[in-house]
Amino acid sequence: MSPQLSPRPATAPSPTAVPPVTAQPPRATVIARLRAAGCVFAEDEAALLLGTARTPADLAAMVERRASGHPLEHVLGWAEFGGLRITVAPGVFVPRRRTEFLLGQAVALGRRAADRTGRRPVAVDLCCGSGAVGAALAAALDGVELHAADIEPAAVRCARRNVIPVGGRVHQGDLFAPLPVRLQGRIDVLTANVPYVPTEEVGLLPPEAREYEPLVALDGGADGLDVLRRVTAAAPRWLAPGGHLLVETGERQAPLAIETFRRSGLLPRVATSDELYATVVIGTRPDAPAGAVPPQR
């Protein structure tokens, strides 16, 4: 049997008794508990838990939550993303490392927009979840005007903790609906980390995603592209001339996503990262006189 954390006493000590000093469990004990629970990277996770817990009691509770299947980031209260420590709360989608590839593409396009227009870029992060993409984008683009939006109240509360400190604003509502109307025709970089798991494949996701992250952030409909289609259909009226929409998809979904972008009047291309196993479809609104919007079909 693997070593276990010491259980909490069943009854409180009497008023005259002197409570014992609780010592922090040794690292080996934490590693063994995590390994017994099936955590593949038990050593690394133990180091993070030991470094984050404020007290031995906190550590014991955190280890048990992780051992019971909660996502590590929810247990820690944060996730590393784009060089930042992003606050992550229970019930909120955890930012994935592969999405850093989308971030890198967005940063490069934002810098080009600033050079091309001579003004500070305008960026919007839809389906923002924790606000990780938006916060990292603002950290990389000096002076960007940033807006983020999500339909989930828990996500919006979490995103505000990450986005407001970097000068952005967070809105609650469905896709573009809560955004200020003045942004129409002005967005240079529009990131939308939409759900893209086909409905029938949601049950194949790891339990920590399936059981602890919101279904609305995972389930993309029959072919995984339901929300992508809605975003793409409305994007041209919100993008500035020469502005870009960036959406993460699965590799096999990219051809359908490209066709969806074309039908909306955007000029599509695909960027991929073998290292991060990431596929990003980028649609550009053609340069046009102010107020002109590509036709939607």
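Before any of the text, the structure's been laid out above.
Keep in mind that what you see is a predicted model, and the values were worked out from it rather than measured.

Analysis parameters
- Residues numbered from 1 in each chain as written.
- Predicted model: local features only at pLDDT ≥ 70, side-chain atom pairs only at ≥ 80, totals over all residues.
- Heavy atoms only, no water.
- Salt bridge = Lys/Arg side-chain N within 4 Å of Asp/Glu carboxyl O.
- Helix = DSSP H or I, 4+ residues; strand = E, 2+ residues; numbered from the N terminus.
- Buried < 20%, exposed > 50% of the residue type's maximum accessible area, 1.4 Å probe, protein only.
- Axes fitted to C-alpha atoms, helices over the stretch in contact; angles between N-to-C directions.
- Parallel < 35°, antiparallel > 145°, perpendicular 65-115°, else oblique.
- Left-handed = near helix turned anticlockwise from the far one by under 90°.
- Contact = heavy atoms within 4.5 Å.
- Nonpolar A, V, L, I, M, F, W, Y, C, P; charged D, E, K, R; others polar.
- Arc of directions from axis to C-beta.
- Pairing = 2+ DSSP bridges.

1. Quick notes on the pattern of salt bridges
Then step 1. Applying the stated criterion to the full structure yields 19 salt bridges.
Then step 2. For arginine 119, the salt bridge identified is with aspartate 188, shortest N-O distance 2.7 Å. With arginine 119 in the loop between α5 (99-117) and β3 (122-126) and aspartate 188 in strand β6 (residues 187-192), the pair connects residues that are 69 residues apart, well separated along the chain.
Then step 3. The partly exposed category is assigned to arginine 119, whose relative accessible area is 35%.
Then step 4. Its relative accessible area of 1% is what places aspartate 188 among the buried residues.
Then step 5. Here the residues in one salt-bridge network are Glu45, Arg66 and Glu208, joined through shared partners.

2. As for the packing of helix α9 (residues 226-238) against helix α10 (residues 254-263)
Then step 1. α10 packs onto α9 with a crossing angle of 25° between their chain directions and a minimal axis gap of 9 Å. The orientation of α9 with respect to α10, classified from their angle, is roughly parallel. Of the two possible hands of crossing, α9 and α10 adopt the one that is right-handed. Note on element contacts: α10 touches α9 through Ala257, Thr260 and Phe261, opposite Leu228, Arg229 and Thr232.
Then step 2. When its residues are assigned to classes, the contact of α9 with α10 shows three nonpolar, two polar and one charged.

3. Some details on α10
Helical geometry: 3.6 residues make up each α-helical turn, so side chains three or four residues apart lie on a common side.
Then step 1. Those residues of α10 lying buried are Ala254, Ala257, Ile258, Thr260 and Phe261. An end-on view of α10 places all buried positions within 160° of arc, on one side of the element.
Then step 2. Just downstream of α10 lies glycine 265, where phi reads positive at about 90°.

4. So, the sheet that holds strand β9 (residues 278-284)
Then step 1. Overall, mixed pairing links the seven strands, which are arranged β5-β4-β3-β6-β7-β9-β8 in an open sheet. The two strands at the open ends of the sheet, each matched to only one other strand, are β5 (169-172) and β8 (267-273). In this sheet, neighbouring strand axes are inclined to one another by 20° on average, regardless of whether the strands run parallel or antiparallel.
Then step 2. In terms of strand pairing, β3 meets strand β4 (residues 145-150) through five bridges, oriented parallel.

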